[in-house]
Amino acid sequence: MDEPMDERPDESYCKTPAAAPAPTGAETAAGPPYADCVLCRKPTEYPESVKGITLCPVCAWQEAQRTACSG
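Thresholds applied
Residues numbered from 1 in each chain as written. Predicted model: local features only at pLDDT ≥ 70, side-chain atom pairs only at ≥ 80, totals over all residues. Heavy atoms only, no water. Helix = DSSP H or I, 4+ residues; strand = E, 2+ residues; numbered from the N terminus. Buried < 20%, exposed > 50% of the residue type's maximum accessible area, 1.4 Å probe, protein only. Contact = heavy atoms within 4.5 Å. Areas by Shrake-Rupley, 256 points an atom, 1.4 Å probe, with all protein chains shown as cover. Pairing = 2+ DSSP bridges. Salt bridge = Lys/Arg side-chain N within 4 Å of Asp/Glu carboxyl O. Disulfide = S-S within 2.5 Å. Patch = residues over 30% accessible without salt bridge, like charges linked within 9 Å, V, L, I, M, F, W, Y side chains within 5 Å. pLDDT = per-residue confidence, 0-100.

A.B. asks: When you look at the overall build of the chain in this model, what are you seeing that I'm missing?
C.D. replies: Of the regular secondary structure elements, the chain holds two helices and two strands. Listed N to C, the secondary structure of the chain is α-β-β-α in terms of helices and strands. In the chain, buried positions account for 10% of the 71 residues. Partitioning the contacts of the chain with sequence separation of at least 6, the portion at a separation of at least 24 is 2%. Taken as a whole, the chain presents about 6,600 Å² of accessible surface, with 58% of it coming from carbon and sulfur.

Okay, here's the thing in structure tokens:
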């Protein structure tokens, strides 16, 4: 009990792992054929087999803004 409580003998206790490299875009293009956005015709993150309206993230965000304030 001679040691102060705030000193840690093992300095690796709070180390964080190295960050993963950022995706370059080639990782998503290698997947299944992606459905086109029904508004802007850009590829979405959904496969073509998904039924219903498919929106890209940008159009989905804009649609959510429009419907949120339509009250």
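A.B. asks: Is there a simple way to explain the pairing of strand β2 (residues 43-47) in this structure?
C.D. replies: Alignment of strand β1 (residues 34-36) against β2, held across two bridges, turns out to be antiparallel. Across the sheet, the residue bridging to D36 is P43, located in β2. Where β1 hands over to β2, the hairpin turn is made up of six residues, of which R41 adopts a positive phi near 70°.

A.B. asks: Teacher, can you tell me more about the pattern of salt bridges here?
C.D. replies: Once their charged atoms are close, side chains differing in charge can pair, the charge on each being opposite to the other. By the definition in use, this model includes two salt bridges. Across the pair D36 and R41 runs a salt bridge, and its minimum N-O distance is 4.0 Å. When its relative accessible area of 53% is taken as the criterion, R41 is described as exposed. One salt bridge connects R66 with E63, and the closest N-O pair in it is separated by 2.9 Å. Placement of the pair is R66 and E63 together in helix α2 (residues 57-68), with a separation of three residues, close to one helical turn.

A.B. asks: What's the story with the state of the cysteines in this structure? I'm lost.
C.D. replies: Each disulfide consists of a covalent bond between the sulfur atoms of two cysteine residues. Applying the stated criterion across every chain yields a total of zero disulfides. Not engaged in a disulfide, the cysteine C59 finds its nearest cysteine sulfur in C56; these two sulfurs lie 3.6 Å apart.

A.B. asks: Any chance you could explain a nonpolar patch on the surface here in plain terms?
C.D. replies: Side chains of V38, L39 and I53 sit close together on the surface and give an oily, nonpolar patch of about 310 Å² of accessible area. With respect to the helices, strands and loops of the structure, I53 is situated in the loop between β2 and α2. On the basis of relative accessible area, I53 is assigned to the exposed category, the value being 70%.

A.B. asks: In this structure, what is going on with the confidence of the model for the chain? I would like to understand it.
C.D. replies: Close inspection of predicted coordinates is inappropriate for parts of the model with low pLDDT. When the pLDDT values of the chain are averaged, the result is 76; 56% of them are 70 or greater. Mean pLDDT values for the elements of the chain range from 47 in helix α1 (residues 26-29) up to 93 in β1.

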